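# Structure assessment
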Amino acid sequence: MTQAISPTPVAPPGRRLSSKHEHILFWLLFVALLVGLIWFEAPVLGKTYWEYDEGINVIKAQLVSEGHWPHRDIWSDQPPLFTLLLVVAFKIFGSSLLVGRAFLLFWAVVLVAGTVWVTAQFSDRWSALGAAALLMLSPMVLELGRTVLIGLPAVAFGTLALGCALRARKDARTVWP
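Presented here is a report on the structure given in the accompanying data block. Because the structure is predicted, anything quoted here is derived from the model rather than measured.

With that settled, consider the overall build of the chain. Of regular secondary structure, the chain possesses 7 helices and 0 strands. Overall, the chain shows an N-to-C arrangement of helices and strands of α-α-α-α-α-α-α. For the chain, the residues scored as buried account for 33% of the 177 residues in total. A separation threshold of at least 6 residues defines the contact pool for the chain, and within that pool the share at least 24 residues apart is 69%.

Set out below in structure tokens:
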């Protein structure tokens, strides 16, 4: 007579976080990523390095704040939105290279946050945090997050636009929000 082999009992899985605790953990890690980016980038905002377009962008913003207009009074090979936003930052915080670089650090934070938003719509929020962490490790993102150049804000706006389009599609709307 053969004896039936009973399956070995499986140990109960580890305790999972409740949905509320998982949500809190996600937001804590998300904020920690953003604070980490700012903490890493802030000390080098005052560093001297060579990037001639940075000076051109700062000077264009200073000239616009004095009443000159891009494409009419000032040569510019770029659309005026970046320059106008930089002018607003200069009017609020003062006109300096440090303020311009801090403004770009703000856009780096927007880019990381937008990446989390877009990735979470494709996958889950933990994958989104991973995507943001990988983005923050990119040397190009780190450099563009502290130089007064148009590239990073343009990509950040594009990321936010993609997030809005995905959200509108998910909600089956033709207009967002």
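On we go from here.
According to the stated counting rule, one finds 5 salt bridges in the structure shown. In this structure, Arg-146 engages Glu-41 in a salt bridge whose closest nitrogen and oxygen atoms are separated by 2.6 Å. Within this pair, whereas Arg-146 is found in the loop between helix H6 (139-144) and helix H7 (151-170), its partner Glu-41 is found in helix H1 (residues 19-41), the two being separated by 105 residues in sequence. For the pair shown, Arg-146 and Glu-41 are each scored as buried.

So, on to the side chain of Thr-159. Relative to the elements of secondary structure, Thr-159 occurs in helix H7. Classification of Thr-159 by relative accessible area gives buried; the value is 14%. In this structure, Thr-159 is in contact with Leu-111, Gly-114, Thr-115 and Val-118, ignoring residues within four places of it in sequence.

Another point: H1. Between its terminal C-alpha atoms H1 stretches 33 Å, which fits the 33 Å expected from 23 residues at 1.5 Å a residue. Listed in full, the buried residues belonging to H1 are Glu-22, Phe-26, Phe-30, Leu-33, Leu-34, Leu-37 and Glu-41. Along its buried surface, H1 packs onto helix H4 (97-122), helix H5 (125-136) and H6.

Right, let's talk about the environment of Ala-161 for a bit. Looking at the secondary structure, you find Ala-161 in helix H7. Of the residues examined, Ala-161 reaches a relative accessible area of 46% and is grouped as partly exposed. It is 9.6 Å that separates the C-alpha atoms of Ala-161 and Val-118, two residues lying 43 residues apart in sequence.

With that settled, consider the nonpolar core. Counting residues in each nonpolar core, the largest one holds 35 residues, and the members touching the most others are Leu-37, Leu-86, Phe-103 and Leu-152. For this core, the elements supplying multiple residues, two or more each, are H1, helix H2 (52-65), helix H3 (81-93), H4, H5, H6 and H7. Sort the elements by how many residues they give to this core and H4 lands first, with 11 residues. Not counting residues within four places of it along the chain, the set of residues in contact with Leu-37 comprises Leu-105, Ala-108, Val-109, Val-112, Met-136 and Leu-142.

How each quantity is defined
Residues numbered from 1 in each chain as written. Predicted model: local features only at pLDDT ≥ 70, side-chain atom pairs only at ≥ 80, totals over all residues. Heavy atoms only, no water. Helix = DSSP H or I, 4+ residues; strand = E, 2+ residues; numbered from the N terminus. Buried < 20%, exposed > 50% of the residue type's maximum accessible area, 1.4 Å probe, protein only. Contact = heavy atoms within 4.5 Å. Salt bridge = Lys/Arg side-chain N within 4 Å of Asp/Glu carboxyl O. Expected span 1.5 Å × (residues − 1). Core = buried A, V, L, I, M, F, W, Y, C linked by side-chain atoms within 4.5 Å.

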